[in-house]
Amino acid sequence: MRKFLTTTAVALAMMAGAAQAAENVEVLHWWTSGGEAAALDVLKKDLEGKGISWTDMPVAGGGGTEAMTVLRARVTAGNAPTAVQMLGFDILDWAKEGALGNLDEVAAKEGWDKVIPGALQQFSKYDGHWIAAPVNVHSTNWMWINKAALDKAGGKEPQNWDELVALLDNFKAQGITPIAHGGQPWQDATIFDAVVLSLGTDFYKSAFIDLDPAALGGDKMKTAFERMTKLRSYVDDNFSGRDWNLASAMVIEGKAGVQFMGDWAKGEFVKANKVPGTDFVCIRYPETQGAVTFNSDQFAMFKVADDKIPAQMAMASAIESPVFQSAFNVVKGSAPARTDVSNEAFDACGKKAIADLADADKNGKLFGSMAHGHANPAAVKNAIYDVVTREFNGELSAEDAVKELAAAVEAAK
Ligand code: BGC
């Protein structure tokens, strides 16, 4: 009898193990800030409700640089996670290596082709096959302003460079840090997205999408770097290495006037129970109205053992559900990855994000974010990061930065 019980227990345990293997996803991501974790929780709970357990593999580091290093090690060791948060060209690079699975069946069944915008599909598909499930659309050319500080400065939202500088001077006079910033290459590059875009949509396209040496090495680029130097004069002494969410907290707490950051920053404001129009103001970086530099978080699905594929497909399907798209993106600060999701549950900034994206797309003013891997593959992106960060930190003059930028991009292409 005892032997029978033991044998039964072992058999049951084995069955449970097999079930767990079939109904578990291991997810590698860099969503570790308060707002990001809250959004991720929406996904975890959604999957748990469908009987799929979650093995968490967080790798801190905004923009995902560190996460991509860990991923490389995992895949090299023959142990790819089920799903990996990934940006733009990185997805295509992994697809090229043949490391990703195939989502065609679920995509066809659910009609993804019709509802996911072409701008995202160019990164969710490789060789005509679906390889990743887009979760959202973020954009980088935003400003997050402390409302009380803006009111004290007269309440006018800056419409151009001179008005921006005047506002920053006013914040300084108020005794707060004008710009909340974290000195990390990807954060410097995020500001650079907006600064370059503000000098013209054609200029952004020539420089970052077409990698035209004349744009990368020309006078306008020099102006962009000079503006970066000017902005650098408004950050505090402790900015170096600071995480982006701590910079958001400075604005939330009224210690700083503004943060230039993608709309994941709004996730931090929302997490802190702050309300747009009351506690903070979201506007586009001056002279970028109507244009959007976007990035989309997608879950790239890796090739996994056959028994893990059902859970992987269920995760992909859950991500694209319109109900989930609304619930998740309201918390994350992003816009839905589908065009047919109601904006009703979104706050004023979210509604603006959704409308701006649609307009920019319609008017040919929607561009992949250089800083977040949607303009170029990693080698080129990292070459740009390097020059931008050195110039921002005063190691290069604007003039030398322009020369180095053109040369570094040429070498990395
Ligand atoms: C991602 C966001 C994330 C941010 C900061 C971006 O690259 O797209 O989802 O919140 O990095 O970690």
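Being a predicted model, the structure only gives us computed values, none of them experimental. (Residues numbered from 1 in each chain as written. Predicted model: local features only at pLDDT ≥ 70, side-chain atom pairs only at ≥ 80, totals over all residues. Heavy atoms only, no water.)

S.K.: Would you mind showing me how to read the environment of Glu157 here?
M.R.: Secondary-structure assignment places Glu157 in the loop between α8 (147-152) and α9 (161-173). Each C-alpha atom of the pair Glu157 and Val281 lies 9.0 Å from the other, and the pair is 124 residues apart in sequence. Other than its neighbours up to four places away in sequence, Glu157 contacts Leu150, Glu163, Val281 and Ile283. (Helix = DSSP H or I, 4+ residues; strand = E, 2+ residues; numbered from the N terminus. Contact = heavy atoms within 4.5 Å.)

S.K.: So what exactly am I meant to see when it comes to the site of the ligand here?
M.R.: Every one of the 14 residues lining the ligand counts as a neighbour, but Glu36, Asn295, Asp297, Lys332 and His372 are closest to it. Contacts to the ligand include Asp297, whose side-chain N or O atom sits 2.6 Å from an oxygen atom. Within the side chain of His372, one N or O atom sits 2.8 Å away from an oxygen atom of the ligand. Its free accessible area being 310 Å², the ligand has 100% of it covered by the protein chains. Among the residues forming the shell around the ligand, the class breakdown is five nonpolar, six polar and three charged. (Near = heavy atom within 4 Å. Polar contact = N/O pair within 3.5 Å; in protein donor to acceptor, adjacent residues only side chain to side chain. Areas by Shrake-Rupley, 256 points an atom, 1.4 Å probe, with all protein chains shown as cover. Nonpolar A, V, L, I, M, F, W, Y, C, P; charged D, E, K, R; others polar.)

S.K.: Help me out: how do you make sense of the packing of helix α19 (residues 378-392) against helix α20 (residues 398-412) in this one?
M.R.: In a pair of packed helices, the angle between the axes and the distance between the axes together describe the arrangement. The geometry of α19 relative to α20 is characterised by a closest axis approach of 9 Å and an angle of 165° between their N-to-C directions. By the angle between their directions, the pair α19 and α20 is classed as roughly antiparallel. Judged by the twist between their axes, the crossing of α19 over α20 is right-handed. Contacts from Ala379, Val380, Ala383, Ile384, Val387, Arg390 and Glu391 in α19 reach Ala398, Ala401, Glu404, Leu405, Ala408, Val409 and Ala412 in α20. (Axes fitted to C-alpha atoms, helices over the stretch in contact; angles between N-to-C directions. Parallel < 35°, antiparallel > 145°, perpendicular 65-115°, else oblique. Left-handed = near helix turned anticlockwise from the far one by under 90°.)

S.K.: How should the packing of aromatic side chains be read in this particular structure?
M.R.: For any pair of aromatic rings, geometry is given as the distance between the ring centres together with the angle between the planes. All chains considered together, the criterion is met by 17 aromatic pairs. Between Phe239 and Phe392, the ring centres sit 6.2 Å apart and the planes meet at 75°, which makes this aromatic pair edge-to-face. Placement of Phe239 in the loop between α13 (219-232) and α14 (244-252) and of Phe392 in helix α19 is noted, with a sequence separation of 153 residues between them. We note that Phe239, like Phe392, is buried. Taken together, Phe192, Tyr204, Phe208, Phe225 and Phe367 form an aromatic cluster joined through their ring pairs. The cationic tip of Arg284 hangs over the ring face of Trp142; the distance from NZ or CZ to the ring centre is 3.7 Å. (Phe/Tyr/Trp six-rings, centres within 6.5 Å; stacked < 30°, edge-to-face > 60°. Buried < 20%, exposed > 50% of the residue type's maximum accessible area, 1.4 Å probe, protein only. Lys NZ or Arg CZ within 6 Å of the ring centre and 35° of its normal.)

S.K.: Hey, could you run me through the side chain of Arg74 in this one?
M.R.: Inspection of the secondary structure puts Arg74 in helix α3 (residues 65-76). Exposure remark for Arg74: the relative accessible area of 12% places this residue in the buried category. Contact partners of Arg74, with chain neighbours within four places excluded, come to Glu26, Met57, Asn79, Ala80 and Pro81.

S.K.: Before we go on, may I ask you to explain unusual backbone geometry in this structure?
M.R.: What you tend to see is this: most non-glycine residues have negative phi, and most peptide bonds are trans. At Asp127, a residue that is not glycine, the phi angle is positive and equals roughly 55°. Looking at the element boundaries, Asp127 is found in the loop between β4 (125-126) and β5 (129-130). What makes Asp127 exposed here is its relative accessible area of 66%. Of note, Glu287 is a non-glycine position whose phi angle comes to about 65°, a positive value. For Glu287, the location among the structural elements is in the loop between β11 (280-284) and β12 (292-295). Using a relative accessible area of 42% as the deciding quantity, one classes Glu287 as partly exposed.

S.K.: Got a minute to help me understand the sheet that holds strand β15 (residues 366-368) in this structure?
M.R.: Think of a sheet as strands paired side by side through backbone hydrogen bonds, with each pair either parallel or antiparallel. With mixed pairing, four strands are arranged side by side in an open sheet as β14-β7-β12-β15. Of all the strands in the sheet, just β14 (335-336) and β15 have a single pairing partner and so form its edges. In this structure, strand β7 (residues 136-139) lies alongside β14, joined through two bridges in antiparallel fashion. Directly across from Asn136, in β14, lies its bridge partner Pro336. Sheet strands in contact with helix α18 (residues 348-362) are β7, β12, β14 and β15, and its direction is about 110° off that of β12. (Pairing = 2+ DSSP bridges.)

S.K.: I would appreciate a short explanation of the pattern of salt bridges in the present structure.
M.R.: Side chains that differ in charge, positive against negative, can pair when their charged atoms come close. According to the stated counting rule, one finds 21 salt bridges in the structure shown. Note that Glu163 and Lys156 form a salt bridge whose closest N and O atoms lie 2.9 Å from each other. Of the charged contacts in the structure, one is a salt bridge between Lys413 and Glu410, with a shortest N-O distance of 3.4 Å. Through salt bridges with shared partners, one network takes in Arg284, Lys352 and Asp356. (Salt bridge = Lys/Arg side-chain N within 4 Å of Asp/Glu carboxyl O.)

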